[in-house]
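Given next are the chains, with one letter for each unit.
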Amino acid sequence: MSEDQLSRVFAALADPTRRDIVARLAIRDATVSQLAAPYNVSIQAVSKHLKVLEDAGLVSRGHDAQRRPRHLEAEVFDMMTAWIERYRRQAEERYRRLDAVLAAMDDGEPFSREPTNNQGAAS
Amino acid sequence: MSTNATHQAGTRETTIEADPNLPTIRIIRDFDAPPEKVFRAWIEPDLVAQWLGPKSTEIRIDEWNARTGGNYHYAAVRDGEEVAAFYGSFHEVRPHERLVQTFTWEGMPDGVSLETMTFEDLGNGRTRTIGLSVVENLEGRDAIMASGMEVGVYEGYEKLDALLAQG
């Protein structure tokens, strides 16, 4: 997933109505009018929300030309999870270097500015 | 992906929380050291330089005046070239408990986040750090998370990419 698409996914899910639409599409496909029914808003407003979700790749349109049921692209969520995992791993790498720094402080050794990428050696 | 330090890591892997409603990132991590020691590693520039920043880059700390009202400026340097620079102020330095900083990446000078680091004493010589970043809006938060891929852990990602390519 590109960063642009990821930003669109985050932005799309920042809205409570769109999250609600996603939650309902997770249960089953639905048409625009079915999706609009529980909300006190126009079909056009729901269509706008759906457009944002479609641009983010979260929702697609079915092939039935009459009804165009909307479908949730669940795998996009898996990709987003993987992307956040990358960010988490980056923080974890940084903190493992801090582990090594803390371990070196334990030993009472003078602090050096040498790279401490080799965490294992410091324990 | 990286497993070289897991023998001492136990069950304290970093946790990330990115709230879909709030422009925040929360990073939680436990350390095998008391709060006094962890706090020192955050405020003494010689120690900070050893762990802050991406793995493959050297950190050049120009200023690190970790006192309430103090300031900092540092750069990530790779192959003698500055790849990114950051600055901000220390809003509050409360020894062994709390560190509040502003944070700006010079590549996005209008962006500023508020970073609150809390050091929780877990007893038995252990500490939980909770880092909360608050940015201006969700787009800014997402940009920060995305930018981590550019200045992030190159080697780790290259290995990951190779693994994924083998698919």
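Just so we're clear, the structure is a prediction, and the values are computed from it rather than from any experiment. (Residues numbered from 1 in each chain as written. Chains lettered and ligands numbered in written order. Predicted model: local features only at pLDDT ≥ 70, side-chain atom pairs only at ≥ 80, totals over all residues.)

Trainee: Sorry if this is basic, but what is going on with the overall build of chain A here?
Mentor: Across its full length, chain A carries six helices and two strands. Secondary structure elements of chain A occur, N-terminal to C-terminal, as α-α-α-α-β-β-α-α. Residues classed as buried in chain A amount to 32% of the 123 residues present. The contacts in chain A between residues at least 6 apart in sequence include a share of 45% that link residues at least 24 apart. (Helix = DSSP H or I, 4+ residues; strand = E, 2+ residues; numbered from the N terminus. Buried ≥ 20, exposed ≤ 12 C-beta atoms within 10 Å, placed from the backbone. Contact = placed C-beta atoms within 7 Å.)

Trainee: What should I look at first to understand the pairing of strand β8 (residues 126-134) of chain B in this one?
Mentor: All names here are of chain B. Note: strand β2 (residues 24-31) against β8, eight bridges, orientation antiparallel. Opposite D30, over in β8, you have R128 as the bridge partner. Examined bridge by bridge, strand β7 (residues 113-123) and β8 share nine bridges and lie antiparallel to one another. Its bridge partner being in β8, T116 is matched across the sheet by L132. The antiparallel pairing of β7 with β8 creates a hairpin that spans two residues between the two strands, and N124 there sits at a positive phi of about 50°. (Pairing = 2+ DSSP bridges.)

Trainee: How do you make sense of the pairing of strand β3 (residues 58-64) of chain B when you look at a structure like this?
Mentor: Consecutive side chains along a regular strand alternate between the two faces of the sheet. Residue and element names in this part refer to chain B. Bridge count for β3 against strand β4 (residues 71-78) is six bridges, and the pairing is antiparallel. Note that in β4 the partner of I59 across the bridge is A76. Counted along the chain from β3 to the antiparallel partner β4, the turn is six residues long, and its residue G69 has a positive phi close to 90°.

Trainee: Is there a simple way to think about the nonpolar core in this case?
Mentor: Inside soluble globular proteins, nonpolar side chains tend to come together where they are buried. A:L98, A:V101, A:L102, B:F31, B:V38, B:A41 and B:V48 are the most contacted members of the largest nonpolar core, which totals 25 residues. Filtering out sequence-adjacent residues up to four positions away, B:V48 remains in contact with B:W42, B:I61 and B:W64. Membership of the second largest hydrophobic core comes to 18 residues, among which are A:L6, A:F10, A:V59 and B:L138. (Core = buried A, V, L, I, M, F, W, Y, C linked by C-beta atoms within 7 Å.)

Trainee: I'm lost on the sheet that holds β2(B) in this one. Help?
Mentor: Paired through backbone hydrogen bonds, the strands of a sheet run either parallel or antiparallel to each other. Residues and elements named next belong to chain B. With antiparallel pairing, eight strands are arranged side by side in an open sheet as β1-β2-β8-β7-β6-β5-β4-β3. Of all the strands in the sheet, just β1 (15-17) and β3 have a single pairing partner and so form its edges. Strand-to-strand, the axes of this sheet are offset by a mean angle of 20°, without reference to chain direction. With respect to the sheet, helix α2 (residues 35-43) is in contact with β2, β5 (81-94), β6 (98-105), β7 and β8, its orientation differing from that of β7 by roughly 155°. (Axes fitted to C-alpha atoms, helices over the stretch in contact; angles between N-to-C directions.)

Trainee: Can you help me understand the packing of helix α2 (residues 16-27) of chain A against helix α4 (residues 43-55) of chain A in this one?
Mentor: Think of two packed helices as two axes; the pair is described by the angle between the axes and how far apart they sit. Residue and element names in this part refer to chain A. The geometry of α2 relative to α4 is characterised by a closest axis approach of 10 Å and an angle of 75° between their N-to-C directions. Overall, the two elements α2 and α4 adopt an arrangement that is roughly perpendicular. Mapping the contact onto sequence places T17, R18, I21 and V22 in α2 and H49, V52 and L53 in α4. A breakdown of the residues in the contact of α2 with α4 according to their chemical character gives four nonpolar, two polar and one charged. (Parallel < 35°, antiparallel > 145°, perpendicular 65-115°, else oblique. Nonpolar A, V, L, I, M, F, W, Y, C, P; charged D, E, K, R; others polar.)

Trainee: I keep staring at the confidence of the model for chain B and nothing clicks. Help me out?
Mentor: Regions with low pLDDT carry predicted coordinates that are not meant to be interpreted in detail. Residue and element names in this part refer to chain B. Per-residue confidence for chain B gives a mean pLDDT of 79; residues scoring 70 or more make up 76%. Confidence, expressed as mean pLDDT per element, reaches its minimum in chain B at helix α1 (residues 6-9) with 38 and its maximum at β7 with 96. Scored below 50 in pLDDT, residues 1-11 makes 14 contacts in the model with residues more than four places away or belonging to other chains. With pLDDT under 50 throughout, residues 148-167 is counted as low confidence; its partners more than four residues away or in other chains account for 26 contacts. (pLDDT = per-residue confidence, 0-100.)

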